[in-house]
Amino acid sequence: MQCCSVAEEERRARANDREYNEKFQYASNCIKTSKYNILTFLPVNLFEQFQEVANTYFLFLLILQLIPQISSLSWFTTIVPLVLVLTITAVKDATDDYFRHKSDNQVNNRQSQVLINGILQQEQWMNVCVGDIIKLENNQFVAADLLLLSSSEPHGLCYIETAELDGETNMKVRQAIPVTWELGDISKLAKFDGEVICEPPNNKLDKFSGTLYWKESKFPLSNQNMLLRGCVLRNTEWCFGLVIFAGPDTKLMQNSGRTKFKRTSIDRLMNTLVLWIFGFLVCMGVILAIGNAIWEHEVGMRFQVYLPWDEAVDSAFFSGFLSFWSYIIILNTVVPISLYVSVEVIRLGHSYFINWDKKMFCTRKRTPAEARTTTLSEELGQVEYIFSDKTGTLTQNIMVFSKCSVNGRSYGCAGDGFDVLGPKTEGGERPEPVDFSFNPLADQKFLFWDPTLLEAVKMGDPHVHEFFRLLSLCHTVMSEEKNEGELYYKAQSPDEGALVTAARNFGFVFRSRTPKTITVQELGTAVTYQLLAILDFNNIRKRMSVIVRNPEGQIRLYCKGADTILLDRLHPSTQELLNSTTDHLNEYAGEGLRTLVLAYKDLDEEHYEEWADRRLQASLAQDSREDRLASVYEEIESDMMLLGATAIEDKLQQGVPETIALLTLANIKIWVLTGDKQETAVNIGYSCKMLTDDMSEVFVVTGHTVLEVREELRKAREKMVDPSRTVGNGFTYHGNPSSPKLTSVLEAVAGEYALVINGHSLGHALEADMEGVLETACACKAVICCRVTPLQKAQVVELVKKYKKAVTLAIGDGANDVSMIKTAHIGVGISGQEGIQAVLASDYAFSQFKFLQRLLLVHGRWSYLRMCKFLCYFFYKNFAFTMVHFWFGFFCGFSAQTVYDQYFITLYNIVYTSLPVLAMGVFDQDVPEQRSMEYPKLYEPGQLNLLFNKREFFICIAQGIYTSVLMFFVPYGVFAEATRDDGTQLADYQSFAVTVATSLVIVVSVQIGLDTGYWTAINHFFIWGSVAVYFAILFAMHSNGLFDMFPNQFRFVGNAQNTLAQPTVWLTIALTTVVCILPVVAFRFLKLNLKPDLSDTVRYTQLVRKKQKAQHRCMRRVGRTGSRRSGYAFSHQEGFGELIMSGKNMRLSSLALSSFTTRSSSSWIESLRRKKSDSASSPSGGADKPLKG
């Protein structure tokens, strides 16, 4: 595949001239997403795998083992586990790449009709070139980015579906420029030699700027003239297009860049610990090497006659040097090669549990939860901040036309007695919905509850007629009429669909459109308007307009848009109407409704022609075309006349308030980042219980300048931390509320606060007072940012992520949430009404916000718990296994002799102890899922990283070293004096090795039995099966059969049988097991009684409940008195019914268990949280401190 050697500044493509286009060496249309082929797979994959430090380290060890002077172990002790790890990873990579090859081949070999030498020929996609003319037929995929030349539809129209680009399944319309409409004939197309000069390849899906030069004229090109690769042609018999961008240059491929690889905090900690362990390994090697040099100098020199040094060894110092490398080989198992593979297997298991969870399956949409990554599962148990979109995430994004204001009068039912069946009157009666039977084209699903609006339409109110006329004309909806009178609307947003449907039901039916006309059936009469211009919506303009000419020849501009934008562009004469409409807008927003303002403007012919010329010049500009067009649009969208406003209801999703209440009790802070207006966002905040009347205060920041925003934030901090008020434990805070030490004080404030901040205020804060907004926001229980752009959403997430050093989760459903989802540690996509772009960019996906509580409080918490227990045990068992060699070194002249035989060393990590720890890492749980949801405080240890940190790591290491000491010295002491049954000496090297190895396997198996909190048949099978496999392999290796086949490898025939036949050996194994395990059991018993954590208390509560239920059943069997009191007494003894039903009481879930503990179970968590917040520096630490959280 060829590409330009330098970056393109512009793209030139001439139709039907391959020779000319080949000069530019543009990329071919062949795409390649695979990484390997048959020849490169092995070298490239191995090179990638050896980028991992651990793999390189073990390769280095293997090389050392091949040097006979320093190796006391056979090479296979390292190569077997190394090859196993490399093979598993290679198979996984090869499988992934096979499917990528399969997908590439399927796409590249699709057939396309290409015009070559005046004849349409079938060509594979990979052979299509820039400048080729392609014919597409209905339901075909677009092969490359094409300039639409002509189509089977009138006026060069064609319809496309862009689901593969943006996830939206509604149809969109594209149109050829008028000069090429007639190029539908092959002979005309063959003679077409136009040249396109346009922007270079980029990833902007919604923008294109170019010019067509043909017949000594130039014609502007925009995105409306382009068919992008990945689209599908719909409802269009055929069309022709000119290839502008091919293969990797297409906008689809430009957008398929690799997502940033996310690593968990445990990953980062694990890498640090492995380096520490390696340093510890080097220290042990140095100690033993020094010991070897001293021993050889003091003792070894005297035995040279019958125990001579190797030929290469000429001094005690050199002997110590070789001994160092020998011990590095022997002790290398403290850095376990199987650790990384085991972690990936566990994470894979956790991701499957999420995929298989039936309680996260949406039956209405038939959509399961999906873990789109396997690398972040345990971080789901450590989330501190959730950033959520509002529309489609907290709400359903199913829009219902609810109310409207026309000429100062509000229509729509008032009051809050509204449910799915409609509003209730004051008397509690339910009114009938408006009868639209007069309109045969009405949508039967549309419901409206105020008949006065329909009466106004029927009475001929001109303002109401103009109101609905605007709604039927000012939009980009596509209409499809499959049968007579059966209209189907394809809208780009649910809002537009709801507005056009409302106009349809009230008698202004949008029937059809062409590039130059719109046909509306107004109260039964078909009226065709000439469409002169569409001034399209974008996130900056926040409005759209159409300019139409009615049958009488009058030109009128219709505009709809956000109130913040449109109210500033009204004619001064509308001030009185503006006041009443503003009151209605505030009322609607207070009810959580989404509002739009409608306005119009009459234009005279001369004014419009002048403006149209300026618009044409702006559209032809090669540079800054978008800005020039926006400026021209501004000119005409001024001094408009106000018509009214619409209010659309976006209902809350089921279970949102309960989910937010539960997550808040788990000490997770929820920030809502939305593009809606402030009043709407605040009302939704109250609806979903983010904001409550019990809060001390809700701060609203709406400053228009940096100074205003800074002052409002300062006042908020002053109210939160009154200088004269005592802040916790008698500490009185005196100082400046903006001082560097404020953050930790703010986080300890009494009372609950919330912050609401506007997009423009947030913009000022992010630029000039980043520390102030972060301090204030993080001290609040809830934060709502409204009128924010997609970029601001990502900036807010990055701010918290960077300075608070907290795990963040972003959740959204639309394309405007993608940047936020990619920025956060964990991205969650809601598969809703706005396509699947958010899902494609996410790490986890499901269909309803309420599933988030289960993802975090159940799957996330369990994943964190399992991973932490797995790592603690893994490091423990490896240190217990390896350190025995270290102690043995002091008794073998530091000769690098191993305690165990080499087969045991090879199989210990990959056979004897691998499956039990994997079973614990995949299946373990401390409390059942119901209790995890019932007691959200159980989530806090993950946020504070309590279960696996440097302290816990050193405790595991200390336990492993303690076990290794007893593992070596107890058998050593016994064997020094013990005899066999026949009176002969028991002590020999092989018997000692078998005894220590057997003790080790039994001790670590008992230990994992103690660590397992949830027993399954798999756990039992793996743990006791591993012990059985150990004995089976042990006896097999010391059998006559293996000796006969491999006499040089298995020389110690019958040793295991003879050793384990001695009662002394079994007593030694039992004694070793008891002294290793007893302190662990004693410590856990004391901790459970003296300082239980919340999970211990919850488990104890379960046991009490079971016991009470059993007693109650016995009492019922003995005799039923018929008393109702016994049932009530039983439920009263449980005492948790009210706790579960009441969100507020669940905040004190740990205190509800105080009857079982001597102190509040969460107090130690709270004190640790205070320590953590005290140690975290404020980002406003001044110029003399680096910014950190």
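Remember, it's a predicted structure, so these values are computed and weren't measured experimentally. (Residues numbered from 1 in each chain as written. Predicted model: local features only at pLDDT ≥ 70, side-chain atom pairs only at ≥ 80, totals over all residues. Heavy atoms only, no water.)

Digging into the sheet that holds strand β5 (residues 145-151)
- One open sheet holds the six strands; their spatial order is β3-β2-β4-β13-β5-β11, and the pairing between them is antiparallel. The sheet terminates laterally at β3 (119-124) and β11 (226-227), the two strands that pair on one side only. (Pairing = 2+ DSSP bridges. Helix = DSSP H or I, 4+ residues; strand = E, 2+ residues; numbered from the N terminus.)

Let's talk about the pattern of salt bridges
- In the structure shown here, the tally under the stated rule is 45 salt bridges.
- A salt bridge links Arg12 to Glu195; the nearest nitrogen and oxygen atoms lie 3.2 Å apart. Here Arg12 is found in strand β1 (residues 11-14), whereas its partner Glu195 is found in strand β8 (residues 195-198), with 183 residues between them in sequence.
- Look at Arg12 and you get partly exposed, because its relative accessible area is 28%.
- Put simply, Arg861 and Asp926 hold a salt bridge, and the shortest N to O gap is 2.6 Å. (Salt bridge = Lys/Arg side-chain N within 4 Å of Asp/Glu carboxyl O. Buried < 20%, exposed > 50% of the residue type's maximum accessible area, 1.4 Å probe, protein only.)

Some words on the pairing of strand β29 (residues 669-673)
- Most of β29 sits out of view: five of its five residues are buried.
- Residues Lys669, Trp671 and Leu673 point to one face of β29 and Ile670 and Val672 to the other, with burial holding for every one of them.
- Of the pairings in the sheet, the one linking strand β15 (residues 383-388) to β29 comprises four bridges and is parallel in character. Following the sheet pairing, Phe387 is matched in β29 by Trp671.
- With four bridges connecting them, β29 and strand β32 (residues 782-786) associate as parallel partners. Each bridged residue has a counterpart across the sheet, and for Val672 the counterpart in β32 is Ile784.

A look at the UniProt feature "binding site: Mg(2+)" (unreviewed entry) in the protein chain
- Sites flagged by UniProt as "binding site: Mg(2+)" (unreviewed entry) map to Asp389, Thr391, Asp813 and Asp817. A maximum C-alpha distance of 10.7 Å places the annotated residues, which cover 429 residues in sequence, within one compact spot.
- Aside from chain neighbours lying at most four places away, what touches Asp389 is Leu394, Leu673, Thr674, Lys793, Ile811, Gly812, Asp813, Asp817 and Met820.
- A polar contact of 3.3 Å, which involves the side chain of Asp389, links it to the side chain of Lys793.
- For Thr391, the location among the structural elements is in the loop between β15 and β16 (395-406).
- Thr391 sits in the buried class, given a relative accessible area of 8%. (UniProt positions renumbered as here; feature names shortened; annotations may be inferred. Contact = heavy atoms within 4.5 Å. Polar contact = N/O pair within 3.5 Å; in protein donor to acceptor, adjacent residues only side chain to side chain.)

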